[in-house]
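Residue-level structure breakdown
Each chain, written out:
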Amino acid sequence: MSFFGKNKSGSGEKLNPFLYIIVAIPLLFIEGGKWCTDKVYSGLAGAFRALFGLIFAGGAAMYAADLVGSHYPSTWKWVGAGIVAFLAVLFYLWPLLYRFGVSPTIDFCEAVSDRVRKYTREKFKGLVDGIVNGISTVCLGSGSAWSKVLTKEHEDTWFGRLIGAVSYVSLLAGSCYLGWQTYVCVAALIAVPIVGFSVAVCAGVLVTGLVGALLGQFIKYGKFAFLGLAIGVAAVWGAAPYVVSLTGATGIWIYAAYAVAYVAFVGYVFPFVNVAFTAGFLEKVWKFLKPLPEKAYDESDDKYSEFFHHVVNLFATGGIGYGTFGIAAGLLPIWGAAAVTAAISLIAYILVFKLINHGGGNFVVGALSSIAAAIFVGIQYHEAGYVYGVYGGIVAGVFTALFNGVVLFPIAYLGSRAVLHTIGLSKLGSPLAALYKFANEQFKKGLEEIRHAYKNCYKDKTGYQDLVLHVTNIAVAVGAFIGTTALLAALLGVNLLNLPLTVLATALSYVLVGKVLFKSNYGLEFLGCALGLAAAVFLGAHVYSSDEGALIKIAGVAAGAATWVGVYYIAFPVGYVLARLITSWALLGWLKPILATVYDWAWSLWIVVWTQVVRAYKGLKTLLTPLWLRIVAAGKVVSQAYRDILKRIRGGN
């Protein structure tokens, strides 16, 4: 599809050249936005890409609002900056980045993956098997152990499947970490914000995809021979200081010590550990431990499991409330922080229990506790400076999650059940259930009231909504006047153009925003969305900038999203209904007709002007379409050359 699409103007009427100058910039923005988002946001895959676009746009809005707010703390300029950044990223930057960066990078990674797959399928396994056979020949007595490790039967053992699973999980985590580090390094090297971000994202995706494609195929086809060689490299790399200290090697002999350690690990440690773990003893241990997760996750005592879920729900609600108050107290007065904390805690109390109180609830609790334990151990491992650093922390976290899910959580659950049954505390399940039932019923009543407010607001048939939309339109026009005045003063200084440009921007705002509000039949929905977005940008930006930690950044995005939901679905409808109750009797009868008459006059005048603008718009498209078609043709040549390169990488397939 071309940049401008098909031109159907066919008008030979001569127009004022000044109109072409006026429509040139809007034409580029409008048609450019259409071309950027064409195909990127279409279909099911487009919806998935749009989700990423919304995430990036939300982050950009918070960043821009924080940046502008830090320079103009006493003004509302940060709101405009956040909205402009949101729209620019959603409709321009992310689609362009995907079309010219992410998508070609993914295609390149797939092409490399196809080539690697072909090589590994045909030659790689024989290569790594030959290397392992050579090492086992040097390491006397290890041949029999390796012969057992390389069999299909060993792959099907529980330890073989465990090693394979841990390898793929570690590969995924390591690839993402390498991609993230690449993004950080490239972004630091390129100081230009938009260019640096774009190049850094593409570089991160490229590294993640290539590492994942290469090592994933090596694991799939090289199997345990490759795993032995790869884990040997990791083992010697992490244990390098110990190898040097044990051998006392210096100079070039250090590398000889590394080589000996590597051969010893691959020849003896790896195969004999595999054989030991599958020789029968650990299978007996597994058979001994197996009833633990089975009894814990397939709980037959429904009353106790419900009591356990109530207790977990209380702890989870307390944790969420504590974290919410810690964030809200830094942004709101103490009463506001308490109100927000109470609301979010109530929602958490209702929803968390619904998440876990079912047949698989124990498994959900065990899985979440395992993930939390894995994150905690991984971070502590890395901060303690143990061998392998981040990669060691990833592996430690994976094993922690497995151990917690299979052993620790089942023991804790079954042990607490025995103790609480014995001392009688499990009988508290009935009052806890009654408390939850009461809270849930009140929550449902509150939701019903909110639903009524939502309906009475966004589906209002009283005519009060027209009055609100007219007042809103005037407020937006006033905001456009103030913002345009400040912007032109900053860009152009004080000159004769400022006043006419400001008046033009204000008039356009009044007419066009009014059309969106009045003619779309969704004016109140747009108003609720805009207010929610402004509140979300405000709160999200403050949380986002309050700390340098990654978790606070995530909390900032979550706070922004929750704020938008709260304003759109609760705060705005309730405020609208209350305002209508208080003011409609005094204002609706006389103010609405006056405002409607003024807007209708402005709209009729705009129609006359807009007819000429549309003709100029179509005429300019007609003039520029041949130039754009030449650019498209050149782009197709470049695209075909890139596809030819990918075809050669794939080996002609």
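Residues numbered from 1 in each chain as written. Predicted model: local features only at pLDDT ≥ 70, side-chain atom pairs only at ≥ 80, totals over all residues. Heavy atoms only, no water.

A closer look at the overall build of the protein chain
Scanning the protein chain from N- to C-terminus turns up 21 helices and 0 strands. The buried share of the protein chain, taken over its 653 residues, is 36%. Accessible area of the protein chain: about 37,400 Å², with a carbon and sulfur share of 73%. (Helix = DSSP H or I, 4+ residues; strand = E, 2+ residues; numbered from the N terminus. Buried < 20%, exposed > 50% of the residue type's maximum accessible area, 1.4 Å probe, protein only. Areas by Shrake-Rupley, 256 points an atom, 1.4 Å probe, with all protein chains shown as cover.)

Quick word on the side chain of Thr341
Looking at where Thr341 falls in the secondary structure, it is placed in helix 13 (residues 334-356). With residues up to four places along the chain from it excluded, the contact list for Thr341 reads Gly321, Thr324 and Phe325. (Contact = heavy atoms within 4.5 Å.)

Remarks on the packing of aromatic side chains
Tallied over the full model, the rule gives 29 aromatic pairs. Seen in terms of ring centroids, Tyr454 and Tyr568 are 6.3 Å apart; in terms of plane orientation they differ by 70°. Their pairing is edge-to-face. On the criterion of sequence distance, the pair formed by Tyr454 in helix 16 (residues 429-458) and Tyr568 in helix 20 (residues 550-587) is long-range, its members being 114 residues apart. Take Tyr454: its relative accessible area is 24%, and that puts it in the partly exposed class. (Phe/Tyr/Trp six-rings, centres within 6.5 Å; stacked < 30°, edge-to-face > 60°.)

A few points about the packing of helix 12 (residues 302-328) against helix 16
Direction vectors running N to C along helix 12 and helix 16 enclose 55°, while the axes themselves pass 9 Å from each other. Comparing the axis directions of helix 12 and helix 16 gives the class oblique. Of the two possible hands of crossing, helix 12 and helix 16 adopt the one that is left-handed. Of the residues in helix 16, those in contact with Glu306, Phe307, His310, Val311, Asn313 and Leu314 of helix 12 are Gly429, Leu432, Ala433 and Tyr436. Of the residues that constitute the contact of helix 12 with helix 16, the class distribution is 6 nonpolar, 3 polar and 1 charged. (Axes fitted to C-alpha atoms, helices over the stretch in contact; angles between N-to-C directions. Parallel < 35°, antiparallel > 145°, perpendicular 65-115°, else oblique. Left-handed = near helix turned anticlockwise from the far one by under 90°. Nonpolar A, V, L, I, M, F, W, Y, C, P; charged D, E, K, R; others polar.)

Overview of the packing of helix 8 (residues 240-247) against helix 9 (residues 253-277)
Relative orientation of the contacting elements helix 8 and helix 9 amounts to 110°, with a least axis distance of 10 Å. With respect to their mutual orientation, helix 8 and helix 9 come out roughly perpendicular. For the pair helix 8 and helix 9, the contacting residues are Ala240, Val243, Val244 and Thr247 in the first and Ile254, Ala257, Tyr258 and Ala261 in the second. Broken down by class, the residue content of the contact of helix 8 with helix 9 amounts to 7 nonpolar, 1 polar and no charged.

Things to note about the confidence of the model for the protein chain
Averaged over the protein chain, the pLDDT score is 79; the fraction of residues at 70 or greater is 86%. Ranking the elements of the protein chain by mean pLDDT puts helix 1 (residues 17-37) last with 68 and helix 14 (residues 361-384) first with 86. With pLDDT under 50 throughout, residues 1-13 is counted as low confidence; its partners more than four residues away or in other chains account for 22 contacts. (pLDDT = per-residue confidence, 0-100.)

Thoughts on a nonpolar patch on the surface
A surface patch of nonpolar side chains, amounting to about 520 Å² of accessible area, comprises Leu140, Tyr268, Val269, Phe272, Val273 and Phe277. Along the chain, Phe272 turns up in helix 9. Residue classification places Phe272 among the partly exposed residues on the basis of a relative accessible area of 37%. (Patch = residues over 30% accessible without salt bridge, like charges linked within 9 Å, V, L, I, M, F, W, Y side chains within 5 Å. Salt bridge = Lys/Arg side-chain N within 4 Å of Asp/Glu carboxyl O.)

So, the nonpolar core
Nonpolar side chains in soluble globular proteins generally cluster together in the buried interior. Residues Val128, Trp146, Phe226, Leu229, Val266 and Phe270 are the most contacted members of the largest nonpolar core, which totals 25 residues. At the level of elements, helix 3 (77-138), helix 4 (143-149), helix 6 (158-189), helix 7 (193-238) and helix 9 are the ones that each hand at least two residues to this core. Take this core: its biggest share by element is 9 residues, from helix 7. Setting aside its immediate chain neighbours within four residues, Phe226 contacts Phe124, Val128, Leu215, Phe218 and Ile219. Among the nonpolar cores identified, the runner-up in size contains 22 residues, and Cys457, Tyr458, Tyr464 and Tyr599 belong to it. (Core = buried A, V, L, I, M, F, W, Y, C linked by side-chain atoms within 4.5 Å.)

Observations regarding helix 16
In a regular helix each residue adds 1.5 Å, so 30 residues correspond to 44 Å; helix 16 covers 42 Å between its end C-alpha atoms and thus fits that length. Among the residues making up helix 16, those that are buried are Gly429, Leu432, Tyr436, Ala439, Asn440, Phe443, Ala453, Cys457 and Tyr458. (Expected span 1.5 Å × (residues − 1).)

Points about helix 2 (residues 43-71)
Here helix 2 contains 29 residues, and its C-alpha end-to-end distance of 41 Å stays within 8% of the 42 Å for a straight helix at 1.5 Å per residue. Along helix 2, the positions that sit buried rather than exposed are Gly46, Arg49, Ala50, Gly53, Ala57, Ala60, Ala61, Met62, Ala64 and Ala65.

Details of the pattern of salt bridges
Enumeration over the complete set of coordinates arrives at 3 salt bridges. The partner of Glu448 in a salt bridge is Arg451, and the shortest N-O contact between them spans 2.3 Å. Taken together, the residues Glu448 and Arg451, both in helix 16 and 3 residues apart, mark about one turn of the helix. For Glu448, a relative accessible area of 33% puts it in the partly exposed group. Linking Asp460 and Arg580 is a salt bridge whose minimum nitrogen-to-oxygen distance equals 3.0 Å. Of the two residues, Asp460 sits in the loop between helix 16 and helix 17 (464-492) while Arg580 sits in helix 20, which places them 120 residues apart along the sequence. The pair Asp460 / Arg580 is uniform in exposure class, with both members buried.

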